[in-house]
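A closer look at the structure
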Amino acid sequence: MLNSQRSVSELPKMSAASQVERAVLEEEFNWLLKEEVHAVLKQLQDILKEASRRFAMPTPGLESQLKQENFILGSSTMDQVKGVLTLQGEALTQADINLKVAKSSQVLHFQFRDDKQWKLQQIQDARNHVNQALQLLSSRDESYRFKTGAEVNKLMDAVMLQLTRARNRLTTPATMTLPELATSSLMKMFTPPMPGDVMVNFYINLSKLCLTVYQLHVLQPNTTKNFKAAGSSVLHNPGAMFELNTNRFEVSHVHKVECVVPWLNDTLVFFTISLQLCQQLKDKISVFSSFWNYRPF
């Protein structure tokens, strides 16, 4: 009985202490909304501007001022495919490829026609997502006053969505079927024209620029092989089959070569840092939210 009386008598003191603690936390939370949120937004903008600068787009009429970078393709374990790719922003402006034909010593040489260049859609999409994230951040300048943690979280979620999409475009190449590759406009960009039994594909995987070359052979109508068309994939394996214009083909050889593009690696690092900053701010908001929702008495 005495214990219960003492607990009741201490209730006002505990309530007063709780009220003081709450007042202190409210003051800290208001400082977070007014000062720290904007400091993080400024930091995010600075980082993403650097990322956007890596994706630099040519100014109309001044395309020649955008830096051209040459990358040598090759592999220490194989010499069937070698080449040099010229990257200018999001565009491959030149591709010079040597292919050693399997089972012969013949070397085929192809390069882009002078009037052709290949847009890397992954880089273009990633850049667009970065710019959308920057637009979201710039819509809340230093004069804007955030009123609730939920408002901050909503902005962080929107920014994180764009950054995640940007990162995914660089880390997850698009899948394609073999007929899609065979009829791609990329196949019409080379001189001399690519022969009918060779296909190529370019894509980005993380910070690497990849080239895949497929060598094909025609399946004869009287073949005893069980034909099964391959589905969509980033990289098709030898033995994959497809049908095009009543002809059936099988992939006989696959050659993949790649090179590292340093500025793509930079952008992936920027995405990771930015996503961490967003999450850290959300976590701080969550600490205060958990207190408001906690009622000790």
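Presented here is a report on the structure given in the accompanying data block. Here the structure is a predicted model, which means the values were calculated and not measured. (Residues numbered from 1 in each chain as written. Predicted model: local features only at pLDDT ≥ 70, side-chain atom pairs only at ≥ 80, totals over all residues. Heavy atoms only, no water.)

1. Topic: the overall build of the chain
Helices and strands together make up the secondary structure of the chain, namely five helices and ten strands. For the chain, buried positions account for 39% of its 297 residues. For the chain, long-range pairs separated by at least 24 residues make up 68% of all intrachain contacts whose partners lie at least 6 apart in sequence. Looking at the chain as shown, the accessible area adds up to about 16,700 Å², and 52% of this sits on carbon and sulfur atoms. (Helix = DSSP H or I, 4+ residues; strand = E, 2+ residues; numbered from the N terminus. Buried < 20%, exposed > 50% of the residue type's maximum accessible area, 1.4 Å probe, protein only. Contact = heavy atoms within 4.5 Å. Areas by Shrake-Rupley, 256 points an atom, 1.4 Å probe, with all protein chains shown as cover.)

2. Concerning helix α2 (residues 121–138)
The first and last C-alpha atoms of α2 sit 26 Å apart over 18 residues, in line with the 26 Å expected at 1.5 Å per residue. Of the residues making up α2, those classed as buried are Q122, I123, D125, A126, R127, H129, V130, A133, L134 and L137. (Expected span 1.5 Å × (residues − 1).)

3. A closer look at the side chain of Q45
Position of Q45 relative to the elements: it lies in helix α1 (residues 2–54). For Q45, a relative accessible area of 17% translates into the label buried. Filtering out sequence-adjacent residues up to four positions away, Q45 remains in contact with L134, L137 and S138.

4. So, the sheet that holds strand β10 (residues 247–260)
The sheet built from four strands is open, its strands ordered β7-β8-β10-β9 with antiparallel pairing. Sheet topology places β7 (198–205) and β9 (241–244) at the edges, where each strand pairs with a single neighbour. When the angles between neighbouring strand axes are averaged without regard to direction, this sheet yields 35°. Across eleven bridges, strand β8 (residues 208–218) lies against β10 in antiparallel orientation. Across the sheet, Q215 pairs through a bridge with H253, a residue of β10. (Pairing = 2+ DSSP bridges. Axes fitted to C-alpha atoms, helices over the stretch in contact; angles between N-to-C directions.)

5. Describing the packing of aromatic side chains
Per the counting criterion, the structure on display carries six aromatic pairs. Ring centres of F110 and F190 lie 6.5 Å apart, and the angle between their planes is 75°; on these two criteria the pair is classed as edge-to-face. Pair noted here: F110 is in strand β4 (residues 107–112) and F190 is in strand β6 (residues 190–191), with a separation of 80 residues, a long-range link. Ring plane angle 20° and centroid distance 5.2 Å describe the contact between F242 and F249, whose orientation is recorded as stacked. For F249, a relative accessible area of 12% translates into the label buried. A connected cluster of aromatic rings, assembled from ring pairs, spans F110, F112, F190 and F202. (Phe/Tyr/Trp six-rings, centres within 6.5 Å; stacked < 30°, edge-to-face > 60°.)

6. Concerning the environment of W263
Within the secondary structure layout, W263 lies in helix α5 (residues 262–292). For the pair W263 and R54, spaced 209 residues apart in sequence, the C-alpha separation works out to 6.2 Å. Each residue touching W263, except ones within four places of it in the same chain, is listed here: R54, F55, E69, L87, G89 and I123. A distance of 2.8 Å separates the side chain of W263 from the side chain of E69, its partner in a polar contact. (Polar contact = N/O pair within 3.5 Å; in protein donor to acceptor, adjacent residues only side chain to side chain.)

7. Some details on the pattern of salt bridges
Applying the stated rule across the entire model yields 13 salt bridges. Ionic contacts of the salt-bridge type, sharing partners, join the residues E50, R53, R54 and D266 into one network. (Salt bridge = Lys/Arg side-chain N within 4 Å of Asp/Glu carboxyl O.)

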